[in-house]
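Report on the structure
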Amino acid sequence: MAIRVMTADDAEEVEALVKSAFLASAAKQLAPAGIHTFFKVASKEALLLRLQEDNLMLVYEQQGKILGMAELKQGAHLAMLFVLPDWQGNGIATQLLQVLLQQVRHAELTVRASLNSVSFYQAQGFQKTGAAAELAGLRYQPMSLTMASTVTAPADPSASVL
């Protein structure tokens, strides 16, 4: 098992993982417009673009297969946290989150949690910060986690993650 920084070579496998996990859970509560919006955000092309921005994208890999992924935007917002459906419940999401928490650069980490994932985030210490909402067809619960301490942006995120 290894948690490492996602590379461009991982984008196709990560796209398949994220879409699979999404379809097995959050998509069941959404209209077609929300699913379409999510698929654009989760596309290989969109992932590759975000890799070039101020985003830290991690993968959880076991025996050469990517089982989970997480994305931290601008050191302040948890944009994605997904685990393959057959591997959920094994602590992979918690491990990815714990590594990302070390890279948060603000006093608070925010997330727009899918409605089916709210209990997971609450178990990790996140609090609801408002009413459930919808954006571009995606229904979510705004949540945040107050950080005990923050870090400064590392010169090379991959050096401090692992």
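To be clear, the structure that these remarks concern was listed above.
Just so it is clear, the structure is predicted and the values come from calculations on it, not from any experiment.

The rules behind each value
- Residues numbered from 1 in each chain as written.
- Predicted model: local features only at pLDDT ≥ 70, side-chain atom pairs only at ≥ 80, totals over all residues.
- Heavy atoms only, no water.
- Phe/Tyr/Trp six-rings, centres within 6.5 Å; stacked < 30°, edge-to-face > 60°.
- Helix = DSSP H or I, 4+ residues; strand = E, 2+ residues; numbered from the N terminus.
- Buried < 20%, exposed > 50% of the residue type's maximum accessible area, 1.4 Å probe, protein only.
- Salt bridge = Lys/Arg side-chain N within 4 Å of Asp/Glu carboxyl O.
- Arc of directions from axis to C-beta.
- Contact = heavy atoms within 4.5 Å.
- Core = buried A, V, L, I, M, F, W, Y, C linked by side-chain atoms within 4.5 Å.

Within this structure, the stated rule accounts for 5 aromatic pairs. Plain terms: the ring middles of Phe22 and Phe38 are 3.9 Å apart, the flat faces sit at 10 degrees to each other, and that makes the pair stacked. Here Phe22, found in helix H1 (residues 11-24), pairs with Phe38, found in helix H2 (residues 32-41); they are 16 residues apart in sequence, far enough to count as distant. Taking the relative accessible area as the measure of exposure, Phe22 reaches 3% and is therefore buried. Arranged with centres 5.2 Å apart and planes meeting at 75 degrees, the rings of Tyr121 and Phe126 form a pair that is edge-to-face.

Here we take up the pattern of salt bridges. A full pass over the atoms with the stated rule returns 6 salt bridges. When the shortest N-O distance is used, the salt bridge between Glu71 and Arg50 registers 2.7 Å. With Glu71 in strand E3 (residues 65-73) and Arg50 in helix H3 (residues 44-51), this residue pair connects regions lying 21 residues apart in the sequence. One continuous salt-bridge network, built from bridges that share partners, spans Arg4, Asp10 and Glu61.

Right, let's get into H2. Those residues of H2 lying buried are Gly34, Thr37 and Phe38. Viewed along the axis of H2, the buried residues span an arc of 95 degrees, placing them on a single side of the element. Exposed side of H2, more than 90 degrees from the buried face: Pro32, His36 and Lys40 are the residues found there. Against H1, strand E4 (77-83) and strand E8 (138-146) lie the buried residues of H2.

Membership of the largest hydrophobic core comes to 47 residues, with the highest contact counts inside it found for Val18 and Leu109. The leading source of residues in this core is helix H4 (residues 92-101), at 7 residues. Setting aside anything within four residues of it in sequence, one finds Val18 in contact with Phe38, Ala42, Met69, Met80 and Phe82.

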